[in-house]
Amino acid sequence: LGAQLGATPAEAQKYGKLAGQLYADAVTEDFQGAADAISATMRAGIAPPGATEAQLKRIATGVSDLSSTFELDLGQTANGVGQAIKTGLAKDGREAIDVFTAGLQKMGPRADDLMDTFNEYSVQFQRLGLDAKTATGLLSQGMKAGARDTDVVADALKEFTLEGVMGSDKIVGGFK
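Residues numbered from 1 in each chain as written. Predicted model: local features only at pLDDT ≥ 70, side-chain atom pairs only at ≥ 80, totals over all residues. Heavy atoms only, no water.

Participant: Explanation requested: the packing of helix H7 (residues 114–127) against helix H8 (residues 132–144) in the structure shown.
Facilitator: The geometry of a pair of packed helices is captured by two quantities: the angle between their axes and the separation between those axes. Here H7 crosses H8 at 120°, and the two axes come no closer than 11 Å. Along this stretch, H7 crosses H8, giving a crossing that reads as right-handed. Here H7 contributes Leu114, Thr117, Phe118 and Phe125 to the contact with H8, which in turn contributes Ala132, Ala135, Thr136 and Leu139. Considered class by class, the residues forming the contact of H7 with H8 number six nonpolar, two polar and no charged. (Axes fitted to C-alpha atoms, helices over the stretch in contact; angles between N-to-C directions. Helix = DSSP H or I, 4+ residues; strand = E, 2+ residues; numbered from the N terminus. Left-handed = near helix turned anticlockwise from the far one by under 90°. Contact = heavy atoms within 4.5 Å. Nonpolar A, V, L, I, M, F, W, Y, C, P; charged D, E, K, R; others polar.)

Spelled out as C-alpha cells, the structure:
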C-alpha cells in the first residue's frame, strides 16, 4: 500500500491501520480488499487535502460499498467519483457517492458503465453547466427512453455541445 501510494513510512502505517479497520468493520471481505479501497480512493484524489483518518475511512468505505453493491470495478468507481469532484460536478466524495448510488438504483444493471461515463464525460457535463445529480438524471431519462447505456446518452450530450459551439446549420435549425 505504501509503495502504491508513494507514501512515507508513517503514512503507510496510517493507511495500513485504516485498511485493518475497514476489514475489522466488515466493509471488505479481506484485508487486501480494504487496502485496495484505500489505494483506489487516494490515487483517484477523492480525499480532501489534509483529510483525517475518519474522513479517509468514510470515503474509502463509500467507494468500496458503491463498487461492491453494484458489482462495479473498484478503480473505475473511485475514478468516477474523483472526476465528479475534480470537475466540480459534486462538492465532495459523499455527494458523488450518494448521487451515483441513487442513479444506479433507478437505472438498473444496464447502467453498469456509469463510472466509465463519468470518467469520460465529466468535462462535457461541466461545459453544459450540469452538476452530478442533473447529469445522472439526464442519463437516467435517456436510459428510460431506450438508450443502450449511459455512454450513448452522454455522447449525445457531447455532440450537442460540439454542434452548439460550432453554430452549425443543424443546431440553428434545432433551436428554430
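Participant: Even after reading the chapter, I still don't get the environment of Lys144, so can you show me in this structure?
Facilitator: Assignment of secondary structure puts Lys144 in helix H8. In this structure Lys144 comes out as exposed when scored by relative accessible area, which is 66%. As a C-alpha pair, Lys144 and Lys106 span 38 residues in sequence and 9.6 Å in three-dimensional space. (Buried < 20%, exposed > 50% of the residue type's maximum accessible area, 1.4 Å probe, protein only.)

Participant: I would appreciate a short explanation of unusual backbone geometry in the present structure.
Facilitator: A negative phi holds for most residues other than glycine; trans holds for most peptide bonds. Phi is positive for Ala26, which is not a glycine, with a value near 65°. In this fold, Ala26 is placed in the loop between helix H2 (9–24) and helix H3 (31–43). Residues other than glycine seldom take positive phi values, yet Glu71 does so here, at roughly 55°. By the secondary structure assignment, Glu71 is in the loop between helix H4 (53–69) and helix H5 (74–86).

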